[in-house]
Amino acid sequence: MHVKCINCGFVCKKNGKTSGGNQRWYCNNCKSSFIRTVDNSAKQLKIFHNWLFSKQTQKEMPGEGRTFRRKSSVFWNIWPMPPKIEEQRNIVFVDGIYLSRKACILICCDEKYVLGWYLCRYEHSKAWDALVSRIREPILVVSDGGTGFKKALKKVWPKAKHQRCTFHAFCQVKKYTTSRPKTLAGFELYTLAKDLLHIESKDQAIIWITRLTNWKIKHKEFLSEMTRDESGALRPTHERLLKAEYSLVRLVKTNTLFTYLESPWAEERNFPATNNRIEGAVNAQLRAMLRAHRGLSIERRIKAVFWWCYLHSPKPLSASEILKVMPTDKSIAKLYSNMSTKAQLEASIPTWGDAILWGDLHNYDSLPDNYWD
């Protein structure tokens, strides 16, 4: 095998060895001398991924963790970017996972892959807008009712059908009534919400809505009872029960509770009624990974989630390509430092995606409260 010059490409010859024992090469064409090094960064990145997605501790790695930490530290500087999804999906699922009080990652996936992810301080319409704008409009989207999602859906995916997760709708009622209600009205509403999980036809849905209407009529006098609070103001005695009932009525009025039954092709496509796909196959896996590697800083926990999402996205790049094209803390900080106003930042987002915002993590707690508004 011939060794070619790193400067001009001509074949080189051996030129002794360095004091460290490495072979030195000499080029007769350009008169340069060099040492050929082997770049094993891609191999080390794969080792880093294998550790991150396993239950191994750093101490179990070669060198009792010291060698592993030294070789893998560079990979914590990389921000895996989400792909742009141009192929239409029949069904997508969206949800947000909180890693701390000020760090939430919004995730969108289909039946097989993670399609997109976005870092924000909390769930709001602009964050959802940034997430779904890179994904082609699907036929149906299932959500758990995250704050601001409905507004973003209407703006970016106006033709997509929206299904509110029925299990989350049940949990919302359970939060107010508890699993052991002490009143007859509370017990009946809890049972009604529980039956929501077993509706399989449009006729059953109509019967369920009728039962909800009859429940409100039956307990109208009970629900209208008022009590004076400590300040002397009148408040509904059964306020929590009213909130539980309103959470169901609102979903019925907005036609998001039984979308999986209303579409003319619902039976063909077998549309889901819950967000179980993203809860079990994505969020649960992310929590298990973070639990296995307890002690990571908030920034590394965020990047760990990004790495998991990227490697479970459609057609992720190879390890060597990732190292070439993915932005790093240094490249993001350099670009961000050249921007003096928020308007300049927003104008650059379509070019760089959301990576610019991620560079703020180094000063995350010092950001003003209205930064993401």
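Residues numbered from 1 in each chain as written. Predicted model: local features only at pLDDT ≥ 70, side-chain atom pairs only at ≥ 80, totals over all residues. Heavy atoms only, no water.

1. Some words on the layout of surface pockets
Test applied: A 1.4 Å probe that fits but cannot get out identifies a cavity on a 1 Å grid over protein atoms alone, an open set with protein on both sides within 12 Å along at least five of seven lines counts as a pocket, and a residue lines either if it has an atom within 4 Å of a point. Grid points are joined across faces, edges and corners, and a volume is the space filled by probe spheres set on the points. When residues are sorted by character, Ala, Val, Leu, Ile, Met, Phe, Trp, Tyr, Cys and Pro go into the nonpolar class, Asp, Glu, Lys and Arg into the charged class, and all the rest, Gly among them, into the polar class.
Estimates place the volume of the second largest pocket at around 370 Å³. Around the second largest pocket, the lining is made up of 20 residues, and of these Pro-83, Ile-85, Arg-89, Pro-314 and Lys-315 lie nearest the centre. Here the residues of the lining of the second largest pocket sort into ten nonpolar, one polar and nine charged.

2. Regarding the sheet that holds strand β6 (residues 114-120)
Definition in use: Whether two strands pair comes down to DSSP finding at least two bridges between them. Only runs of H or I of at least four residues qualify as helices and only runs of E of at least two qualify as strands under DSSP, and these elements are numbered from the N terminus. Inter-axis angles, ranging from 0 to 180 degrees, are taken between N-to-C directions of lines fitted to C-alpha atoms, where helices are fitted over the stretch in contact. Contacts are assigned to residue pairs with any non-hydrogen atoms lying within 4.5 Å of each other.
Strand order in this open sheet of five strands is β6-β5-β4-β7-β8, and the pairing throughout is mixed. Every other strand in the sheet has two partners, leaving β6 and β8 (161-164) as the edge strands with one partner each. When the angles between neighbouring strand axes are averaged without regard to direction, this sheet yields 20°. Judged from the three bridges that link them, strand β4 (residues 91-100) and strand β7 (residues 140-143) form a sheet pairing that is parallel. Each bridged residue has a counterpart across the sheet, and for Val-92 the counterpart in β7 is Val-141. Across the sheet, helix α13 (residues 298-311) touches β4, β5 (103-109) and β6, and the angle it forms with β6 is around 165°.

3. Brief notes about the pattern of salt bridges
As a reminder of what qualifies: The term salt bridge refers to a side-chain nitrogen of Lys or Arg lying within 4 Å of a carboxyl oxygen of Asp or Glu. Only protein chains enter the accessibility calculation, which uses a 1.4 Å probe; a residue is then buried when its area is under 20% of its type maximum, exposed when over 50%, and partly exposed in between.
Enumeration according to the criterion identifies eight salt bridges in this entry. Residues Asp-195 and Arg-211 are paired through a salt bridge, measuring 2.9 Å at the closest nitrogen-oxygen approach. A residue pair is termed long-range when its members are at least 10 positions apart, and Asp-195 in helix α6 (residues 184-195) and Arg-211 in helix α7 (residues 202-218) qualify at 16 residues. When its relative accessible area of 27% is taken as the criterion, Asp-195 is described as partly exposed. On the accessibility criterion, Arg-211 (35% relative accessible area) is partly exposed. In this structure, Lys-303 and Glu-299 form a salt bridge, with 3.0 Å as the shortest nitrogen-oxygen distance. Here Lys-303 and its partner Glu-299 are both found in helix α13, four residues apart, which amounts to about one turn of the helix. Residues participating in the shared-partner salt-bridge network are Glu-299, Lys-303 and Asp-329.

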